[in-house]
Amino acid sequence: MKKWIAAALSTTIMAATSVTAVAEEQIIRLATTTSTYNSGLLDKLLPVFEKQHDAKVQVIAVGTGKALRMGAAGDVDVVMTHAPKAEKKFVDGGFGVSPKSVMYNDFVIVGPAADPAKIKDSSDVAEALAAIAKVDADFISRGDDSGTHKKELSLWAATSQGKEFANYKEVGQGMGKVLQIADELNGYTMTDRGTWLAYEDRLQLKLLVQGDKRLFNPYQIIQVNPKLHNGLNVTGAEQLSNWFVSSEGQTMINDFRIKGKALFHGSAQAEVATK
């Protein structure tokens, strides 16, 4: 009987210790883009941060527009997105604090090998989009108010045709799904390079247009303003934000590879992109 009681007490103590450990592990809610998530970058970086800070980062992968709305509502502690104008509005409106430039990659235009619009190796993305519209080829747009969608719309606005053609399709999906739909329809789309490299081997699509400076794609991390909401993990948000721009975080971003190719380039700096 004494042995049974001792064993029961030991089990109770272990369970209580386990509960305490879980309670002490801080939860940090990060809203970020599907393109960042789909690339696999966070799977590489976050476990290192979590181990160092005894934390668990809950990643909510959505479009930039939704990520910023979640931040404004206080539903997350920190956001990492890639739409400079929307981010500036978020900060200027008092919803976010301490914006930090984290990294950049670029967008590319991909499409069918047959390339009916004849845009392969074009150095002008606006001309390439106009050519797609002219031949009325399928173009699959995310249509989800993401950073990618915002960039795409700005590029269409720079064309004489615009996006008003029959086979322009907004699907309201994340980047990975959009690539799959474009592949199934033998159409064109615009994607960030990171997601493209992560999905390239699964698709028949080909990379057709790259290199135009207008395709530059910067990312920022922004803490949600703690003055607006109770219950935010302010310390965790600050730790995560600082870690991404630290020497270690930047090195890991630069070293991340898929098929030997760099997906992102660290850009930690005092200035915040606003263009």
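Residues numbered from 1 in each chain as written. Predicted model: local features only at pLDDT ≥ 70, side-chain atom pairs only at ≥ 80, totals over all residues. Heavy atoms only, no water.

Moving on to the pairing of strand E1 (residues 26-33). Counting buried positions over the eight residues of E1 gives six, a clear majority of the element. With eight bridges connecting them, E1 and strand E2 (residues 55-62) associate as parallel partners. By the bridge assignment, Thr-32 is partnered in E2 with Ala-61. Looking at chain direction, E1 and strand E3 (residues 78-81) are connected through three bridges and run parallel. (Buried < 20%, exposed > 50% of the residue type's maximum accessible area, 1.4 Å probe, protein only. Helix = DSSP H or I, 4+ residues; strand = E, 2+ residues; numbered from the N terminus. Pairing = 2+ DSSP bridges.)

Here we take up the pattern of salt bridges. Going through the model one piece at a time under the given rule, you end up with twelve salt bridges. A salt bridge links Lys-169 to Asp-138; the shortest N-O distance between them is 2.3 Å. Here Lys-169, found in strand E6 (residues 168-170), pairs with Asp-138, found in the loop between helix H6 (125-134) and strand E5 (139-141); they are 31 residues apart in sequence, far enough to count as distant. For Lys-169, a relative accessible area of 28% gives the class partly exposed. We note a salt bridge from Lys-259 to Glu-200, for which the minimum N-O separation is 2.7 Å. (Salt bridge = Lys/Arg side-chain N within 4 Å of Asp/Glu carboxyl O.)

This next bit is on the packing of helix H4 (residues 64-73) against helix H5 (residues 84-92). For the pair H4 and H5, interaxial distance at closest approach is 11 Å and the crossing angle is 5°. The orientation of H4 relative to H5 falls into the category roughly parallel. The residues of H5 that touch H4, namely those facing Leu-68, Gly-71 and Ala-72, are Ala-86, Glu-87 and Phe-90. For the contact of H4 with H5, the residue count by class is four nonpolar, one polar and one charged. (Axes fitted to C-alpha atoms, helices over the stretch in contact; angles between N-to-C directions. Parallel < 35°, antiparallel > 145°, perpendicular 65-115°, else oblique. Contact = heavy atoms within 4.5 Å. Nonpolar A, V, L, I, M, F, W, Y, C, P; charged D, E, K, R; others polar.)

Right, let's talk about the layout of surface pockets for a bit. Space inside the second largest pocket adds up to approximately 180 Å³. If you go around the second largest pocket, the residues you meet are Gly-65, Leu-68, Arg-69, Ala-72, Ala-86, Lys-89, Phe-90, Gly-93, Phe-95 and Lys-150. Elements with a contribution of two residues or more to the lining of the second largest pocket: H4 and H5. When residues in the lining of the second largest pocket are grouped by element, the largest group, four residues, is from H4. Taken together, the residues of the lining of the second largest pocket sort by class into five nonpolar, two polar and three charged. (1 Å grid on protein atoms, 1.4 Å probe; cavity = no way out; pocket = protein on both sides within 12 Å on 5 of 7 lines; lining within 4 Å. Points joined across faces, edges and corners; volume = space filled by probe spheres on them.)

Right, let's talk about the packing of aromatic side chains for a bit. Taken as a whole and judged by the stated rule, the model has ten aromatic pairs. Ring geometry for Trp-156 versus Phe-165: centroids 5.5 Å apart, planes at 50°, classification tilted. Across this residue pair, the class does not change: Trp-156 and Phe-165 are buried. Grouping aromatic residues by their ring pairs yields a cluster made of Phe-139, Trp-156, Phe-165 and Tyr-168. Over the aromatic face of Tyr-199 sits the side chain of Arg-202, whose NZ or CZ is 4.2 Å from the ring centroid. (Phe/Tyr/Trp six-rings, centres within 6.5 Å; stacked < 30°, edge-to-face > 60°. Lys NZ or Arg CZ within 6 Å of the ring centre and 35° of its normal.)

Moving on, we get to H5. All of the buried residues along H5 are Pro-84, Ala-86, Glu-87 and Phe-90. The buried residues of H5 all sit within an arc of 160° when viewed along its axis, so they share a single face. Residues of H5 that are exposed and point more than 90 degrees away from the buried face comprise Lys-85, Lys-89 and Asp-92. On its buried side, H5 packs onto H4, E3, strand E4 (96-111), helix H7 (147-157) and strand E9 (216-224). In the segment just after H5, Gly-94 is the residue with positive phi, at about 85°. (Arc of directions from axis to C-beta.)

Quick look at unusual backbone geometry now. A positive phi angle, close to 50°, is found at Asp-54, a residue other than glycine. Among the secondary structure elements, Asp-54 is positioned in the loop between helix H3 (41-53) and E2. With a phi close to 55°, Ser-98 is a non-glycine residue in the positive phi region. Within the secondary structure, Ser-98 is located in strand E4.

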